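One-letter residues, chain by chain:
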Amino acid sequence: MGRIIAVANQKGGVGKTTTAVNTAAALAAAGQRVLLCDFDPQGNATSGLGVDKNAITLSVYDGLVRGIPARNIILRTRFCDVMPASIALAGAEVELVEMADREHALRRLLIPVSFDYDYILIDCPPSLGLLTLNALCAADTVLAPIQCEFYALEGLSQLMQTIRSVKRSLNPQLGIEGILLTMFDSRTNLSQQVVREVKKHFPRQVFPVVIPRNVRLSEAPSHGLPVLYYDRSSKGAKCYEKLAECLMQA
């Protein structure tokens, strides 16, 4: 059974989708069988793998709400497999409320295909609503990207409280895969200070690789490519390759 990793942080703009897409692609390039589950209604992870969001006929929404099997929804790309998202997923928060055992809807969808993959990465929305709760209940571990900026620790503390709460009541096996520092700018004292503070508070949970601010990382999604396939020599690509190595060694 593959490892299910939720890429989660309730703050927006911290690099969740960038991390989910590029980590999935780097793991697949290293020979792993990888599924990326796009669980954000914006569908940016879907388009980041070159899939036209407007052309898909089935999405993760159909699996959650209509009971369509995961195998009917999964698309093959040249980078890795993806379970795409559509804007319909935004309505799932409301529709799931009426469902029995609603917190485990995503887990029920993923379990039948979990033996087909070494890794399943879930790109979570930027909130702590019912969708993210579903992702945390489906996951074995949480990978938390945090931006090297002033409010990073405050947001991280809130996420850790949510993880502890889910672990107590809904998913006792849930663990922390690691904290990934993103958008690091070596020229600023603030970035360096945030790295020191996060490592001080979470010494065993911070990944040894730090993702820099990188133009190639920003450009790659507009071409529908993971950075590894857009510019393999870039700093961003090399860092996500190192992150994939860390995950495979864990």
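The structure contained in this document is the topic of the report that follows. (Residues numbered from 1 in each chain as written. Predicted model: local features only at pLDDT ≥ 70, side-chain atom pairs only at ≥ 80, totals over all residues. Heavy atoms only, no water.)

In contact at an axis separation of 10 Å, helix α8 (residues 152-169) and helix α9 (residues 189-201) are set at 30° when each is read in the N-to-C sense. For the element pair α8 / α9, the angle class is roughly parallel. Of the two possible hands of crossing, α8 and α9 adopt the one that is right-handed. Seen from α8, the contacting residues are A152, L153 and L156; seen from α9, they are V194, E197, V198 and H201. For the contact of α8 with α9, the class distribution of residues is five nonpolar, one polar and one charged. (Axes fitted to C-alpha atoms, helices over the stretch in contact; angles between N-to-C directions. Helix = DSSP H or I, 4+ residues; strand = E, 2+ residues; numbered from the N terminus. Parallel < 35°, antiparallel > 145°, perpendicular 65-115°, else oblique. Left-handed = near helix turned anticlockwise from the far one by under 90°. Contact = heavy atoms within 4.5 Å. Nonpolar A, V, L, I, M, F, W, Y, C, P; charged D, E, K, R; others polar.)

A separate point is the pairing of strand β5 (residues 119-123). When you tally the buried positions in β5, you get five out of five residues, the bulk of the element. Here β5 shows a buried face lined by Y119, L121 and D123 and a second buried face lined by I120 and I122. Note: strand β1 (residues 3-7) against β5, five bridges, orientation parallel. Residue I5 lies in a different strand from β5, and its bridge partner there is L121. (Buried < 20%, exposed > 50% of the residue type's maximum accessible area, 1.4 Å probe, protein only. Pairing = 2+ DSSP bridges.)

In this section: the pairing of strand β2 (residues 34-38). With five of five residues buried, β2 is to be regarded as a mostly interior element. Side-chain alternation along β2 places V34, L36 and D38 on one buried face and L35 and C37 on a second face that is also buried. Bridge count between β2 and β5: five bridges; the pairing is parallel. Bridged to D38 within β5 is D123. Direction of pairing for β2 relative to strand β4 (residues 81-83): parallel, over a ladder of three bridges. Bridge pairing in β4 places C37 opposite M83.

Okay, the sheet that holds strand β6 (residues 141-147) next. Overall, mixed pairing links the seven strands, which are arranged β3-β4-β2-β5-β1-β6-β7 in an open sheet. Of all the strands in the sheet, just β3 (75-76) and β7 (175-182) have a single pairing partner and so form its edges. Here α9 sits on the sheet in contact with β6 and β7, set at roughly 165° to β7. Contacting β1, β5, β6 and β7, helix α12 (residues 235-249) crosses the sheet at an angle of about 165° to β7.

Moving on to the layout of surface pockets. There is about 360 Å³ of room inside the largest pocket. Taken together, 21 residues form the lining of the largest pocket, with V14, G15, K16, T18 and M183 sitting closest to its centre. When contributions to the lining of the largest pocket are tallied by element, the ones reaching two or more residues are α1 (16-29) and α10 (215-219). By residue number, the principal contributor to the lining of the largest pocket is α1, which donates three residues. (1 Å grid on protein atoms, 1.4 Å probe; cavity = no way out; pocket = protein on both sides within 12 Å on 5 of 7 lines; lining within 4 Å. Points joined across faces, edges and corners; volume = space filled by probe spheres on them.)

So far we have only geometry, and geometry alone does not tell us how the molecule works.
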